[in-house]
Amino acid sequence: MFNLVKKKLPLATKFHLTLVVPLILVSIAVSAMTLRGLQNNASHLADVLRIESKTNRILSLLLLQDDASKAMLIDPNQLEKFSAKKIEAYDDHKQLLNELQQEVSSERLQDLLRKLQEYDEQKLRPIDSRVLEKLFENVDQARAMYFDQYEVHKKGYEALIRELAEIGAEDLKKASEELHEKNMRSLLHVSVTLLLGIILITATITLLSRQVERSDDNTRSLLHVLSEGLFFFDSTGRIAEERSQALLTILPGSGDIRNLQDFVSQYAPGASKNVASCLRMLWDESHGDYFQDLSAPLSLLPKVLVLPDQRIIHLEYRPLRHAKGGLERVVVVVADVTQKLQQEKDALLQAERVKKITRAAARTEDYLAFRDEAVEILKRVDAVFQQKLEALNPAGIRQLKHDLHSLKGTLATAEFSYLATEIHNLESLIEDHGVHGASVLQAWEQIKDHWKFETTDIAQVLGLNLRAGRISMIKSKFEKIMQYATVQRDSALQSLLTDCLRQPLQEVFARYEHYLQSTAEKLGKQVMLTFAPDSAELASFEVQKFDAVFNHILHNSVDHGIESPDVRKQLGKPAQGTIQWAAYRKADGVLHFIIRDDGQGVNADKLARKAVQAGLWTEDKAQAATQQQKVELLFLPELSSRDEVTEFSGRGVGMDAVKELVQKLGGTITVFSQAGLGTQFEIDIPPQEQDWDRLQRSA
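These figures come from a predicted structure and were not determined experimentally.

Secondary structure summary: the protein chain contains 28 helices and 9 strands in total. A separation of at least 24 residues holds for 65% of the contacts in the protein chain among residues at least 6 apart in sequence. Accessible surface for the protein chain amounts to roughly 37000 Å². Of this, 53% is attributable to carbon and sulfur atoms.

Here you go:
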């Protein structure tokens, strides 16, 4: 540089050269300080992310401890198995707390962690130890101590953990904002320095500015500390070279991919046709604010990848905007969620197991009635799957769909939620691949194995005999009286014995209440089930064969009839919908059931339109039909008022199966509906000749 200055050059050139050198040095110094600060910020952000991850893990471990405790209380024979799991979860829990105490510097977080430590040592652990001691002495006292004392303190402990998570979330948000602010400030410093250089010397300072912009060490620092895979793509679909090291571990071979089209084609070929449309919508300014949240175009890209080694990969897309608010790049966060999903599934199955066993223990007769009904349906379905393809006919396939739909509802009613979901998935597989598709038959075998495992588990815990039609809830002397009534053919005595087993309607159908509330919660609705006070008393064996009928009707009332709380308030109705159930016994022994809801009623005109579209009615017939005739379209097969298939409805299977089952029992079913006021079903079932035999088997 100094040699250049000494050469014979124009005065203006020498002036520029003597000024350029200090400006370049200043620019380099500012850039170095800026990048050093950004690296520190990235490290701080990574610390905050680790704290958030460990806090969530602590909550998960606390849930595992709780599930293990409940499992031991339900079945003390499993003490050795679940105490080991509980101790392992507790040790991991304590280790995470100790790690957090060493890692955090915030006095606020340190104080909260001390409180957690004291709360655990002074309140939770002493009670937990006493519960374990009591478990060897008196199981009932141990259960009472757990639910009356431990559960109360556990809620306080969970509140402290959530407070820790909230503080971590606040710190994360604050750290992100500070990082963004410092980035902007640093870029502003560099830009001002470079702008001065551009004014003075043109090309040299322009080159320097480009070098500074390309040396984004902050991004590289953050990418190396994250445990998730991370990469960026721009408006052309080009994937930036900057990507996290974890990405290469999660998706081997992804390091050589340079554009989004190739990435999607390799890992999700079915979605590759959407890439060009997605990029066009993301960066097409002609749409104005239509795609401001970007969720619609990004939904065209795959969210989940299932790799050949059965690992499940989750993809999350996060837009990065420039200072003017426009989209600059999209960040793709790649996470291997296989282990997390398996843990969630195991936790869900364990929680479901506790519910099933508790429910079966409380109402053993109802459980056995459910089990017998489910076994009958399982046998019918299995017989269809065992048939050869050429032996199947449309009626058999329709009956298969009816049985699967009934089985799904029956399982959900009895807390077999996992199996109910698997049945729903099986229905989808049948729609896509047919009854004898390889994936369909494999899924069915897994369902049968899981059913056998779950029912055997309940039987072992409660000491039930799986081969018996019923568990004996009637004393041996009562059995002798029943035998005498049978031998003597004493119909009057048989009638009296049957009457002894009859209970109020709300007790016979108590199992439906939890299912109803669970379904309503999933649909975002509020529902109350009531029973008419003047209803006749019933015995469980009398209504066992109608279980699928009632299940379908109650389900339809919640899914199709009852409106959401907001809609009901707008209509001047109470936020909570009501379903009323009544049962009466006529003089000739016919059982007369009434189930009514105060929902929106049946959209009769919509049903008529769908019947015309399906070719079941002509336009002339639809126009000439009465309102009642349109409402009764509910009972036609393959016709649903829903436009899409959900976990709950939309396949056109349900009410036609209800009518078919009622008719098989020699009964009738009628529906009445008025728009805005609700729907009422009335069912008449004549006495069943085999009722006395069913009563004997239940003893």
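What follows covers the nonpolar core. If you look at the biggest cluster of nonpolar residues, it comprises 46 residues, and the most contacted ones within it are Phe509, Leu538, Phe550, Ile553, Trp581, Phe593 and Ile683. For this core, the element with the most residues is helix α22 (residues 547-561), which contributes 5 residues. With residues near it in sequence (within four places) discarded, Ile553 still touches Ile595, Met655, Val658, Ile669, Phe681 and Ile683. Ranked by size, the runner-up nonpolar core spans 30 residues in total, among them Val381, Phe385, Phe416 and Ile458.

What follows deals with the pattern of salt bridges. Following the criterion strictly, the structure yields 19 salt bridges and no others. The shortest N-O distance in the salt bridge between Arg568 and Asp598 comes to 2.9 Å. Within this pair, whereas Arg568 is found in helix α23 (residues 565-570), its partner Asp598 is found in the loop between β7 (591-597) and α24 (604-613), the two being separated by 30 residues in sequence. Overall, Arg568 belongs to the buried group, its relative accessible area being 0%. A network of salt bridges, in which partner residues are shared, links Glu563, Arg568, Lys573 and Asp598.

Inspection of the entire model under this criterion finds 11 aromatic pairs. Ring plane angle 45° and centroid distance 5.2 Å describe the contact between Phe370 and Phe416, whose orientation is recorded as tilted. With Phe370 in helix α13 (residues 364-386) and Phe416 in the loop between α14 (394-413) and α15 (417-433), this residue pair connects regions lying 46 residues apart in the sequence. Aromatic pair Phe550 and Phe593: ring centres 4.9 Å apart, planes at 65°, arrangement edge-to-face. One end of the pair, Phe550, is in helix α22; the other, Phe593, is in strand β7, and 43 residues separate them in sequence. As far as the burial class goes, Phe550 and Phe593 line up, both buried. Every member of this aromatic cluster is reached through a ring pair, and the members are Tyr367, Phe370, Phe416 and Trp451.

This brings us to the sheet that holds strand β3 (residues 312-321). Spatially, 4 strands are ordered β1-β4-β3-β2 in an open sheet, and the strand pairing comes out antiparallel. Two strands lie at the open edges of the sheet, namely β1 (229-233) and β2 (304-306), each paired on one side alone. Along the sheet, successive strands turn relative to each other by an average axial angle of 25°, direction set aside. As paired elements, β3 and strand β4 (residues 327-336) share 9 bridges and run antiparallel to each other. Directly across from Ile313, in β4, lies its bridge partner Asp336. Contacts between helix α10 (residues 275-283) and the sheet are confined to β1 and β4, with β4 contributing the most and set at about 135° to the helix.

We now examine the sheet that holds β7. What the 5 strands build is an open sheet, ordered β5-β6-β7-β9-β8; its pairing is mixed. In this open sheet, the two strands that pair with only one neighbour each are β5 (527-531) and β8 (668-674). Looking at each pair of strands side by side, their axes are set apart by 15° on average, direction ignored. Bridge count between strand β6 (residues 577-585) and β7: 7 bridges; the pairing is antiparallel. Across the sheet, the residue bridging to Trp581 is Ile595, located in β7. The sheet strands contacting helix α20 (residues 511-522) are β5 and β6, and the helix crosses β5 at an angle near 160°.

Attention shifts here to unusual backbone geometry. A positive phi is found at Gln310, a non-glycine position, where the angle reads about 70°. Note on placement: Gln310 falls in the loop between β2 and β3.

Quick look at the environment of Gln261 now. Position of Gln261 relative to the elements: it lies in helix α9 (residues 260-267). C-alpha of Gln261 to C-alpha of Val275: the two residues are 14 residues apart in sequence and 6.2 Å apart in space. The contact partners of Gln261, leaving out residues within four places of it in the chain, are Ser272, Val275 and Ala276.

The next subject is the side chain of Glu373. Tracing the backbone shows Glu373 in helix α13. No salt bridge is formed by the buried Glu373. Its closest oppositely charged neighbour is Arg380, at 5.5 Å.

Take the packing of α22 against helix α27 (residues 655-664) next. Between α22 and α27, whose axes approach to 9 Å, the crossing angle comes to 150°. In terms of axis orientation, α22 runs roughly antiparallel to α27. Seen from above, α22 lies across α27 with left-handed handedness. Where α22 abuts α27, its residues Ala548, Val549, His552, Ile553 and Asn556 lie against Met655, Val658, Leu661 and Val662. Tallied by class, the residues present in the contact of α22 with α27 amount to 7 nonpolar, 2 polar and no charged.

Attention now goes to the packing of α9 against α10. As a packed pair, α9 and α10 sit with axes 10 Å apart at the nearest point and diverge in direction by 140°. With respect to each other, α9 and α10 are oriented oblique. By crossing handedness, the relation of α9 to α10 is classed as right-handed. Here Leu260, Gln261 and Val264 of α9 lie close against α10, whose contacting residues are Val275, Ala276 and Leu279. Of the residues that constitute the contact of α9 with α10, the class distribution is 5 nonpolar, 1 polar and no charged.

Criteria and cut-off values
- Residues numbered from 1 in each chain as written.
- Predicted model: local features only at pLDDT ≥ 70, side-chain atom pairs only at ≥ 80, totals over all residues.
- Heavy atoms only, no water.
- Helix = DSSP H or I, 4+ residues; strand = E, 2+ residues; numbered from the N terminus.
- Contact = heavy atoms within 4.5 Å.
- Areas by Shrake-Rupley, 256 points an atom, 1.4 Å probe, with all protein chains shown as cover.
- Core = buried A, V, L, I, M, F, W, Y, C linked by side-chain atoms within 4.5 Å.
- Buried < 20%, exposed > 50% of the residue type's maximum accessible area, 1.4 Å probe, protein only.
- Salt bridge = Lys/Arg side-chain N within 4 Å of Asp/Glu carboxyl O.
- Phe/Tyr/Trp six-rings, centres within 6.5 Å; stacked < 30°, edge-to-face > 60°.
- Pairing = 2+ DSSP bridges.
- Axes fitted to C-alpha atoms, helices over the stretch in contact; angles between N-to-C directions.
- Lys, Arg positive; Asp, Glu negative; His and termini not counted.
- Parallel < 35°, antiparallel > 145°, perpendicular 65-115°, else oblique.
- Left-handed = near helix turned anticlockwise from the far one by under 90°.
- Nonpolar A, V, L, I, M, F, W, Y, C, P; charged D, E, K, R; others polar.

That is the geometry; function is a separate question.
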